[in-house]
Amino acid sequence: MTQRRSEYNMLPPFHFFHWRVPVDCPVCKNAMIALELAEVEVDYCTACGGIWLDAGELEFLLADAEQTKELLDSFKIDSHCTEKRRKCPICLKRMQKIIVGPSRPVLLLDKCPRGDGLWFDKDELQDILNRAKLDKDNKIQKLLADIFSG
Ligand SMILES: [Zn+2]
Ligand SMILES: [Zn+2]
């Protein structure tokens, strides 16, 4: 009996089986926490308020496929940007600065050159959703407002 019990204790902890590996914040290098946002699991940095979205997660958050495509098509690489370029938290390559849409003031995102995902500084995800008016019932904006007011 004692033997069997110790075998059970040797099982790896439950989170070992979790498929998602936590990534570090590209700005402050803290380990980010997984956050569920409208049924999409995103990485959130509690220190700087930034959010990392894996490839395809933005499309999940934005319900309207047509408008999402329009938004993604509006992404332009800003090759003259003087802002500091961050490293992708997954492949550690320097990310590209992406200009979103024609609107002012310019909204800049960081995008992995390999396409691992997108980095949003604090409020940038809210900003992009507001500008695109993609989230008709404001579900995600409300969730984000809750997170950032806490
Ligand atoms: Zn951070
Ligand atoms: Zn990458």
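Residues numbered from 1 in each chain as written. Chains lettered and ligands numbered in written order. Predicted model: local features only at pLDDT ≥ 70, side-chain atom pairs only at ≥ 80, totals over all residues. Heavy atoms only, no water.

Asks: I'd like a rundown of the coordination of the zinc ion (ligand 1), residues and numbers included.
Replies: Around a metal, the ideal angle is 109.5 degrees if four donors adopt a tetrahedral arrangement and 90 or 180 degrees if six donors adopt an octahedral arrangement. In the first shell of the zinc ion (ligand 1), the protein supplies Cys 25 (SG), Cys 28 (SG), Cys 45 (SG) and Cys 48 (SG), at 2.1 to 2.3 Å from the metal. Its 4 donor atoms give the zinc ion (ligand 1) angles of 104 to 123° at the centre, a pattern that matches the tetrahedral case. For the zinc ion (ligand 1), the single-chain donor residues occur in sequence as C-x2-C-x16-C-x2-C. Using a relative accessible area of 1% as the deciding quantity, one classes Cys 25 as buried. (Donors = N, O, S within 2.8 Å, 3.2 Å for Na, K, Ca; no water. Tetrahedral: all angles 85-135°; square planar, octahedral: opposite > 155°, others 65-115°. Buried < 20%, exposed > 50% of the residue type's maximum accessible area, 1.4 Å probe, protein only.)

Asks: Residues and numbers for the sheet that holds strand β1 (residues 33-37), please.
Replies: The strand order across the open sheet formed by 7 strands is β1-β2-β3-β7-β6-β5-β4, and the pairing between neighbours is antiparallel. Of all the strands in the sheet, the pair left with one neighbour each is β1 and β4 (76-77). Two strands pair when backbone bridges link them, and β1 and strand β2 (residues 40-44) are joined in this way by 5 bridges, in the antiparallel orientation. Within β2, the position partnered with Ile 33 by the bridge is Tyr 44. (Pairing = 2+ DSSP bridges. Helix = DSSP H or I, 4+ residues; strand = E, 2+ residues; numbered from the N terminus.)

Asks: An account of the coordination of the zinc ion (ligand 2) is needed here, citing residue identities and associated values.
Replies: Note on the zinc ion (ligand 2): its protein donors are Cys 88 (SG), Cys 91 (SG), Cys 112 (SG) and Asp 116 (OD). The metal-donor distances range over 1.9 to 2.3 Å. Relative to the metal, the 4 donor atoms surrounding the zinc ion (ligand 2) lie at angles of 105 to 113°, and the coordination shape comes out tetrahedral. Written as a sequence motif, the donor arrangement for the zinc ion (ligand 2) is C-x2-C-x20-C-x3-D. Owing to a relative accessible area of 0%, Cys 112 belongs among the buried residues under this scheme. Looking at Asp 116, the relative accessible area reads 14%, which means it is buried.

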